[in-house]
Amino acid sequence: MERLTRLMIRYRWAVVAVWLVVLLGGGYASTKLSGLPANTFTVPGRVLVDLGAHYDIQNWRLSLNLNNAFDREYISYCTTASVCYWGASRTVLGTARYQW
């Protein structure tokens with residue numbers, strides 16, 4: 001059985017009548033049994049770090065998120081001893097949202 005844990009720290013402050021929010025988070029996935037259907041081997045656990053920030057001004061929210069900040073290579077899961085799948089590499093996502 002795999003155990004998952006996530007933690008997110010959020011710091012928010014006002015900057016000249018707008019809000020700036022900075023996020024620091026991470027997750028841990030424990031070692032898990034794999035190899036369908038008999039679960040005959042294990043996939044190592046992993047710790048990943050995520051970062052993010054968003055800036056609110058009037059009706060706009062500008063966001064930037066960075067997942068797997070240290071670009072850690074890890075195996076997400078396996079279906080057999082020779083068929084395994086890599087987890088997501090570092091991902092950067094920027095968004096602009098307007099709220100009517």
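Structure report, in brief.

Focus: the pairing of strand E5 (residues 46-57)
Two faces, one strand: in a regular strand the side chains alternate between the faces of the sheet.
Okay, so step 1: Because side chains alternate across E5, one face comprises the buried residues Arg-46, Leu-48, Asp-50, Gly-52, His-54 and Asp-56, and the other comprises Val-47, Val-49, Leu-51, Ala-53, Tyr-55 and Ile-57, none of which is buried.
Okay, so step 2: Inspection of the sheet shows E5 paired to strand E6 (residues 60-67) by seven bridges, in the antiparallel sense. Looking across to E6, one finds that Gly-52 is bridged to Asn-65.
Okay, so step 3: In sequence, E5 turns back onto E6 through a hairpin of two residues, with Gln-58 there showing a positive phi of about 50°.

Describing the environment of Ile-75
Okay, so step 1: Structurally, the position occupied by Ile-75 is in strand E7 (residues 75-80).
Okay, so step 2: A relative accessible area of 28% means that Ile-75 is categorised as partly exposed.
Okay, so step 3: Remark: the alpha-carbon pair of Ile-75 and Val-43, spanning 32 residues in sequence, is separated by 6.9 Å.
Okay, so step 4: Look past the residues within four positions of Ile-75 in its chain and what remains in contact with it is Val-43, Arg-46, Cys-84, Tyr-85, Trp-86 and Gly-87.

Quick notes on unusual backbone geometry
Okay, so step 1: Even without a glycine there, the phi angle at Gln-58 is positive, about 50°.
Okay, so step 2: In this fold, Gln-58 is placed in the loop between E5 and E6.

A closer look at the pairing of E7
Okay, so step 1: Bridge count between E7 and strand E8 (residues 83-86): four bridges; the pairing is antiparallel. For Thr-80, the partnering residue across the bridge sits in E8 and is Val-83.

Each value, and the rule that gives it
Residues numbered from 1 in each chain as written. Predicted model: local features only at pLDDT ≥ 70, side-chain atom pairs only at ≥ 80, totals over all residues. Heavy atoms only, no water. Buried < 20%, exposed > 50% of the residue type's maximum accessible area, 1.4 Å probe, protein only. Helix = DSSP H or I, 4+ residues; strand = E, 2+ residues; numbered from the N terminus. Pairing = 2+ DSSP bridges. Contact = heavy atoms within 4.5 Å.

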